[in-house]
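Given next are the chains, with one letter for each unit.
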Amino acid sequence: MMTSDNNISRKDFIRNSAWAMAGLTLLPNIMTASPFLDEKNILAKGKLSLKNVRLETGFEYQEGEVASTKTDLFYIEVEHGKITKIAPNQPHAKAVDGKGLLMLPAFKDMHIHLDKTFYGDQWQAVRKRTGGIKGMIELEQKMLPEMLKNSTFKAEKLIELLQSKGTSYARSHVNIEPTSKLQSLKNLQKALENKKKGFGAELVAFPQHGVFYTDSAPYLKEAAKMDIDFIGGVDPFNIDGNIEKVMDFTVQLALDHQKGIDIHLHETGDSGLKTVEYLIKKVNENPSLKGKTYISHCFILAKLENTQQEEIAEKLAEAQIGIVSTIPFGRMIMPIPTLYKHNVKVLTGNDSIVDHWNTFGTGSVLEKANLMAQLYGYSTEFLLSRSLKLATGNILPLDDKGNQQWPKTGDQADFVLLKASCSAEAVSRISNVESLVHQGNVVF
């Protein structure tokens, strides 16, 4: 839930107590085999020490251009989910040996559907599609009852896949419609509860079958009273036939329950642009939604001429509306450099991973950063290092001038260790992620 400082939700607590480390998994009373860990490394009372951990310290320049990234080895202490000490390396200290791996902020998958997947179950490829989006709605209505029978188990397996790729946090859309009613949400909440020691999430109540097309509105109203964070939506013109009616309902529901908004928008014609402009208008009329409103996909941006892209990006920035882009999506290549130019918040995610919408998906958001860098020719050291923020939810070790800004003492200890010497190399060589990260709220 969106909360005030004095009213912290369960998910906020999990998120704020999460800490991560590659190759290391700790659960209460359980220790898995790890090249970094043995019992003598563990200190008492929730405290953990690490040595030989590589951090970025600045840029090196040649003729005014960033030529490389400087790093050094450090000694780090973590206690009760926070970084309490960052000091010069102590190679002989009694501590977990980071073996020179690079510490980066843990990754965040900010657009995924954990509630409906085949992952972890019997293989199924995408079926032939007929009837467009409404044909897919009919297909889902037939498939969901069977999928829901073990959706908690499959969600847990999908979470484990994300964890193995360095992700400790996700924004998951969850179906709210007359077929599954609130069951998909309840099943996913069970999975998140089971995985809460090492994974946090925020949830979007998602009317996949339209708000009014299948009368999802009553269920959305019920979901808004539950532990969710955003009110979702999908293609208001193509599915419901009325942009204003759908968006007015969505905005009011978010306002009534102090939620954010995250709308799927695949429409690439005039209706897509009108939806973007109408949402900008509604957010400007309701400033409490600024910084809490997102458009997922927003493929219309890829279809606009450059001048119009600049105009819409400027308006999105003024309204503090973010874009959550899958990269790439078919032939759609989002104008991410233009969005960055205007300081629009850009996030990414895997979206569907092995389900009835998509057969593909690796679970890696670092791979998404790599793809973005390739698509836009971000091959220099500086631009590669900046590309990392797509995977980390906009957290970077160095600012644009090379000043170290992460990690700092007092930061939440939510990190991953990579086989790379700097973030630019990590983005360029996505295979270098050490598998397995986290746990949160650990008691030794």
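Residues numbered from 1 in each chain as written. Predicted model: local features only at pLDDT ≥ 70, side-chain atom pairs only at ≥ 80, totals over all residues. Heavy atoms only, no water.

1. What about the packing of aromatic side chains?
Note on aromatic pairs: each is described by the distance of the centres and the angle between the planes. As enumerated under the stated definition, the model contains five aromatic pairs in all. Aromatic side chains Tyr-376 and Tyr-378 sit 6.2 Å apart centroid to centroid with 45° between the ring planes, which places their arrangement in the tilted category. The exposure class of Tyr-378 is buried, given its relative accessible area of 14%. Put simply, the rings of Phe-59, Tyr-61 and Phe-382 touch in pairs and so form one group of aromatic residues. Over the face of the ring belonging to Tyr-169 we find Lys-108, whose NZ or CZ atom lies 6.0 Å from the ring centre. The ring centre of Tyr-340 lies 4.1 Å from the NZ or CZ of Lys-389, which sits over that ring. (Phe/Tyr/Trp six-rings, centres within 6.5 Å; stacked < 30°, edge-to-face > 60°. Buried < 20%, exposed > 50% of the residue type's maximum accessible area, 1.4 Å probe, protein only. Lys NZ or Arg CZ within 6 Å of the ring centre and 35° of its normal.)

2. So, the pairing of strand 12 (residues 230-234)
Counting buried positions along strand 12 yields five of five residues, so the element is predominantly enclosed. Neither face of strand 12 is left uncovered, since the one carrying Phe-230, Gly-232 and Val-234 and the one carrying Ile-231 and Gly-233 both have all their residues buried. Two strands pair when backbone bridges link them, and strand 11 (residues 200-206) and strand 12 are joined in this way by two bridges, in the parallel orientation. Its bridge partner lying in strand 12, Ala-205 is registered against Ile-231. Taken together, strand 11, helix 5 (residues 217-223) and strand 12 constitute a β-α-β crossover, and its handedness is right-handed. Inspection of the sheet shows strand 12 paired to strand 13 (residues 260-265) by five bridges, in the parallel sense. Its bridge partner being in strand 13, Gly-233 is matched across the sheet by Ile-263. (Helix = DSSP H or I, 4+ residues; strand = E, 2+ residues; numbered from the N terminus. Pairing = 2+ DSSP bridges. Right-handed = clockwise from strand over helix to strand, strands pointing away.)

3. Comments concerning the sheet that holds strand 15 (residues 321-325)
Pairing in this open sheet of eight strands is parallel, and the strands run 9-10-11-12-13-14-15-16 from one edge to the other. Looking along the sheet, the strands with just one partner apiece sit at the ends: strand 9 (107-112) and strand 16 (346-348). On average, each strand axis in the sheet is inclined to that of its neighbour by 25°, with strand direction left out of account. Note that strand 10 (residues 167-175) and strand 11 share seven bridges and pair parallel. Within the sheet, the bridge partner assigned to His-173 lies in strand 11 and is Val-204. (Axes fitted to C-alpha atoms, helices over the stretch in contact; angles between N-to-C directions.)

4. Focus on the packing of helix 8 (residues 270-285) against helix 10 (residues 306-319)
At a minimum axis distance of 9 Å, the contact between helix 8 and helix 10 shows a crossing angle of 25°. By the angle between their directions, the pair helix 8 and helix 10 is classed as roughly parallel. Pair helix 8 / helix 10 crosses with left-handed handedness. Residue-level inspection shows Leu-273, Val-276, Glu-277, Ile-280, Val-283 and Asn-284 of helix 8 in contact with helix 10, the latter providing Gln-308, Ile-312, Lys-315, Leu-316 and Ala-319. (Parallel < 35°, antiparallel > 145°, perpendicular 65-115°, else oblique. Left-handed = near helix turned anticlockwise from the far one by under 90°. Contact = heavy atoms within 4.5 Å.)

5. So, helix 12 (residues 365-375)
Of all the positions in helix 12, only Val-365, Leu-366, Lys-368, Ala-369, Asn-370, Met-372 and Ala-373 are classed as buried. If you check the start of helix 12, you find a side-chain oxygen 3.3 Å away from the backbone N of Leu-366, and it comes from Ser-364. Positioned one or two residues after helix 12, Gly-377 has a phi angle of 65°, which is positive. (Polar contact = N/O pair within 3.5 Å; in protein donor to acceptor, adjacent residues only side chain to side chain.)

6. A short note on the side chain of Asp-109
Locating Asp-109 in the fold gives a position in strand 9. Contact partners of Asp-109, with chain neighbours within four places excluded, come to Leu-162, Thr-167, Tyr-169, Ala-170, Arg-171, Thr-348, Gly-349, Asn-350 and Val-365.

7. A closer look at the packing of helix 7 (residues 243-257) against helix 8
Between helix 7 and helix 8, the shortest axis-to-axis distance is 10 Å and the interhelical angle comes to 35°. The chirality of how helix 7 crosses helix 8 is right-handed. On helix 8, the residues that touch Ile-243, Glu-244, Met-247, Asp-248 and Val-251 of helix 7 are Ser-271, Lys-274, Thr-275, Tyr-278, Leu-279 and Lys-282. Looking at side-chain class alone, the contact of helix 7 with helix 8 contains five nonpolar, two polar and four charged residues. (Nonpolar A, V, L, I, M, F, W, Y, C, P; charged D, E, K, R; others polar.)

8. Considerations on the side chain of Asp-262
Considering the arrangement of structural elements, one finds Asp-262 in strand 13. For Asp-262, a relative accessible area of 0% corresponds to the buried category. At 2.6 Å, the side chain of Asp-262 and the side chain of Ser-296 are in polar contact. With residues near it in sequence (within four places) discarded, Asp-262 still touches Arg-171, His-173, Val-204, Phe-230, Ile-231, Gly-232, Gly-233, Tyr-294, Ile-295, Ser-296 and Val-324.

9. Focus: the nonpolar core
Soluble globular proteins tend to bury their nonpolar side chains together. Counting 92 residues, the largest nonpolar core has Val-276, Ile-295, Leu-301, Leu-316 and Ile-323 as its most contacted members. Among the elements that take part in this core, helix 7 stands out by supplying seven residues, more than any other. Aside from chain neighbours lying at most four places away, what touches Val-276 is Leu-265, Ile-295, Cys-298, Ile-300, Ile-312 and Leu-316. Listed in part, the 15 residues of the second largest apolar core include Leu-48, Val-96, Met-103 and Trp-406. (Core = buried A, V, L, I, M, F, W, Y, C linked by side-chain atoms within 4.5 Å.)

10. Some details on the pattern of salt bridges
Two side chains bearing opposite charge may form a pair once their charged atoms approach each other closely. According to the stated counting rule, one finds 15 salt bridges in the structure shown. The salt bridge partner of Glu-160 is Lys-157, with a shortest N-O separation of 3.6 Å. Of this pair, Glu-160 and Lys-157 are both found in helix 3 (residues 151-164), three residues apart, which corresponds to roughly one turn of the helix. Overall, the relative accessible area of 29% leaves Lys-157 in the partly exposed class. (Salt bridge = Lys/Arg side-chain N within 4 Å of Asp/Glu carboxyl O.)

11. Here we look at the environment of Ala-205
Within the secondary structure layout, Ala-205 lies in strand 11. Taking the C-alpha atoms as reference points, Ala-205 and Asp-262, separated by 57 residues in sequence, lie 9.0 Å from one another. Setting aside chain neighbours within four positions, we find Ala-205 in contact with Val-174, Ile-176, Leu-220, Ala-223, Ile-228, Phe-230, Ile-231 and Gly-232.

12. Examining helix 2 (residues 132-147)
Two residues of an α-helix separated by three or four positions point the same way, owing to the 3.6 residues in each turn. When the terminal C-alpha atoms of helix 2 are compared, their 21 Å separation across 16 residues agrees well with the 22 Å that a helix rising 1.5 Å per residue should span. Helix geometry: helix 2 is bent most strongly at Gln-141, by close to 30°, with proline Pro-145 lying one to four residues after it. Summarising the contacts, the buried residues of helix 2 are in contact with helix 3, strand 10 and helix 6 (236-240). (Expected span 1.5 Å × (residues − 1). Bend = angle between axes of the 7 residues up to and from the residue.)

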